[in-house]
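Chain by chain, the residues:
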Amino acid sequence: MGRVWAVVVAGGSGERYGERKQFALLAGRRVVEWSVEAARSVAEKVVVVVPADATTDSYGADFVVAGGPTRSASVRAGLAVLGPDVDVVVVHDAARPLATPALFKAVVDALDADTAGAICAVAVTETIKAVEGVGPARRVRATVDRSALVSVQTPQAFVASVLREAHGEGAEATDDAALVESLGATVRAVEGDPRNLKLTTPLDLAIAEQLLRP
Ligand code: CTP
Ligand code: MG
């Protein structure tokens, strides 16, 4: 698949967590360092994107750049330092420190001439309903058929030129695949890993600590 680089986004503020979760200690190392190391398993170079006031450390990456106000803007900041000869970019949330080398390999291997993107996806296990209204007035509108739904994780791998084009005009989405999908390109959903938690609140860090226990 040619030259592979990774962009690890760690430029968020951790509003729901209560602090910058990417710098929290997990089994003795910072969350972002776990994520950078996992990305290294497939990437020749790793770019880490951090808040503008946190660029003095390397976090184990090859390049450190300041992020933007949204996740998509932070990914763009990372893409800006990519060499022109990079063929594949793997984008990964620093907030998923338990992503395994096998997941990184699976998304990179899923790319081919007809597949511009590959994401990690896991089946939805809970019943999903559409609701309307707020507070005591909130009521169910419909129960959604979950058989065709998946929950999406990072890492996500892309043909570099396609991801650049998808991010072209300051586009915004909650993941990069959504931008590539809107170009009409094919994105494959490979099997993710339920252990690949995203740290959202401190409870998730406590669970991650348990999962890492010998
Ligand atoms: N991220 C980023 N730049 C932003 C916002 C998010 O690089 N402006 C990164 C986060 O650091 C995280 C990943 O994108 O690794 C996924 O975002 P999320 O889990 O939402 O983290 P935060 O935005 O920091 O958390 P919150 O939404 O609770 O503020
Ligand atoms: Mg966020």
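Please refer to the structure placed before this passage.
Residues numbered from 1 in each chain as written. Chains lettered and ligands numbered in written order. Predicted model: local features only at pLDDT ≥ 70, side-chain atom pairs only at ≥ 80, totals over all residues. Heavy atoms only, no water.

Student: How do you make sense of the nonpolar core when you look at a structure like this?
Tutor: Nonpolar side chains tend toward joint burial in soluble globular proteins. Among the nonpolar cores identified, the biggest contains 29 residues, and Val8, Val32, Val36, Val46, Val48, Val90 and Ala157 are the most heavily contacted of them. Secondary-structure elements contributing two or more residues to this core are strand 1 (4-9), helix 1 (31-40), strand 4 (45-50), strand 6 (88-93), helix 3 (101-109) and strand 7 (117-123). Formed by 22 residues, the second largest nonpolar core is a distinct cluster that contains Trp5, Val7, Leu79 and Val180. (Core = buried A, V, L, I, M, F, W, Y, C linked by side-chain atoms within 4.5 Å. Buried < 20%, exposed > 50% of the residue type's maximum accessible area, 1.4 Å probe, protein only. Helix = DSSP H or I, 4+ residues; strand = E, 2+ residues; numbered from the N terminus.)

Student: Looking at this structure, I do not really get the site of ligand 1. What am I missing?
Tutor: Around ligand 1 there are 18 residues in total, and Val9, Gly11, Gly14, Glu15 and Ser74 lie nearest to it. In the model, an oxygen atom of ligand 1 is placed 2.9 Å from a nitrogen or oxygen of the Lys21 side chain. One of the backbone N or O atoms of Ala94 is found 3.3 Å from an oxygen atom in ligand 1. Taken by itself ligand 1 offers 560 Å² of open surface, and the protein chains cover 87% of this. Tallied by class, the residues present in the shell around ligand 1 amount to 5 nonpolar, 7 polar and 6 charged. (Near = heavy atom within 4 Å. Polar contact = N/O pair within 3.5 Å; in protein donor to acceptor, adjacent residues only side chain to side chain. Areas by Shrake-Rupley, 256 points an atom, 1.4 Å probe, with all protein chains shown as cover. Nonpolar A, V, L, I, M, F, W, Y, C, P; charged D, E, K, R; others polar.)

Student: Just checking my understanding: could you explain the packing of aromatic side chains for this structure?
Tutor: One pair of aromatic rings is described through two measures. These are the centre distance and the angle between the planes. Using the criterion set out here, one finds 2 aromatic pairs in the structure. Here Trp5 and Phe63 contribute two aromatic rings whose centre-to-centre distance is 5.6 Å and whose plane-to-plane angle is 15°, an arrangement assigned as stacked. One end of the pair, Trp5, is in strand 1; the other, Phe63, is in strand 5 (residues 63-66), and 58 residues separate them in sequence. Overall, the relative accessible area of 6% leaves Trp5 in the buried class. Classification of Phe63 as partly exposed rests on a relative accessible area of 32%. A cation sits over an aromatic face here: Arg29 above Trp34, 4.3 Å from the ring centre. (Phe/Tyr/Trp six-rings, centres within 6.5 Å; stacked < 30°, edge-to-face > 60°. Lys NZ or Arg CZ within 6 Å of the ring centre and 35° of its normal.)

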